[in-house]
Each structure stands twice: as C-alpha cells, then as structure tokens.
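# Working through the structure, step by step
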Amino acid sequence: MSWEDQMRWHEHPAAPVDGTVLCRFDELSGDDGREVVIGAGDAPLRLLVVRRGDQAFAYVNCCPHHYIPLAEEGETFLTYDRSWMICSAHGAVFRYEDGFCEDGPCMGKSLQAVPVEQVDGVVRIKRP
Ligand code: FES
C-alpha cells in the first residue's frame, strides 16, 4: 500500500473502528504530540496525535508533498517551539488545528485529518 493510499485512512486495512483509543489525553503534554501505529506488517496505519490547549487532533502521518511520513518512528514531528507540525524531509509546516500547510513545498494542502473525541480522559476515534 502506497503512502498516497494511506491518505485515505478509512480505506486502510487497519482503519480503526469507532471508539478505538489512541492514547490518554494527559500523555500529550502541553502542545505536544505522539505517533500511534495501528496494525502490523509492511503498511500499518501511522497516525499523529497532537494537542493544542484542551483539544486533541489526529492526522495520518503522511506528508501531502511526497506522501512520506513527516518523521520516522521515534523522531519528532513538531517544531522546536511546538508551534507547528513539520515534515523532516523538506520542512513543510502544518497547523495543529486542521493540518493545513502554511509554508513549504505543499503549501495550501493539508494532512489527512482523522476525527477524534475525548471521553473520560482518553483520545479515541470518532468515525462519522
Ligand atoms: S515530503 Fe514533506 S515537505 Fe517534502
């Protein structure tokens, strides 16, 4: 499965069902984020979960420039000052709130958003 295919997260073989827990909200320290990998094998679904204030957001870890991950496992995908998500390949920066690329080679495109909600202190998938 290509990274471009992963952009359509709901069609991914490992697409999480409604209510799947991604992490505890308090595991995301202020304006921080983490990668959550769902599924196994060659093409798991890799999601980025970020926090801005009291809200959490999730995106497919796939840059809309060359359809590669913003960062590899264990690497940060946030700018030093935690103001943006950033792609380590060519420096595109994305807003936490909607994944919109404000600057870089894919300016005007967006990360694929994955709808989430917070229930009892956990961030979980909220499928439409
Ligand atoms: S692949 Fe992300 S900015 Fe080029």
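Residues numbered from 1 in each chain as written. Predicted model: local features only at pLDDT ≥ 70, side-chain atom pairs only at ≥ 80, totals over all residues. Heavy atoms only, no water.

## A word on the nonpolar core
Under the convention used in this document: In this description, a nonpolar core means a group of buried Ala, Val, Leu, Ile, Met, Phe, Trp, Tyr and Cys residues linked to one another through side-chain atoms lying within 4.5 Å. When a residue's accessible area, from a 1.4 Å probe over protein chains only, is under 20% of the maximum for its type it is buried; when over 50% it is exposed; and in between it is partly exposed. Elements are defined by DSSP. Helices are runs of H or I of four residues or more, strands are runs of E of two residues or more, and each kind is numbered from the N terminus. Residue contacts are defined here by distance: any two heavy atoms, one from each residue, within 4.5 Å place the two residues in contact.
If you look at the biggest cluster of nonpolar residues, it comprises 18 residues, and the most contacted ones within it are L22, L28, I38, L47, V49, V114 and V123. Contributions of two or more residues to this core are made by β1 (21-24), β2 (33-38), β3 (45-52), β4 (55-60) and β10 (122-125). Not counting residues within four places of it along the chain, the set of residues in contact with L28 comprises C23, G33, R34, V49, V50, R51, A56 and V123. Y59, C63, C87 and C106 belong to the second largest nonpolar core, which has 17 residues in total.

## Overview of the sheet that holds β4
Put simply, the test is: DSSP bridges decide pairing: two strands pair if at least two such bridges lie between them.
With antiparallel pairing, four strands are arranged side by side in an open sheet as β2-β3-β4-β8. The open sheet has two free edges, formed respectively by β2 and β8 (113-114), since each of these has just one partner strand. Across six bridges, the pairing between β2 and β3 is antiparallel. If you follow G33 over to β3, its bridge partner there is V50.

## Observations regarding the environment of S83
Here S83 lies in the loop between β4 and β5 (85-86). Counting along the chain gives 13 residues from S83 to Y96, while the straight-line C-alpha distance between them is 8.1 Å. When residues no more than four places from it in sequence are discounted, the contact partners of S83 are R52 and Y96.

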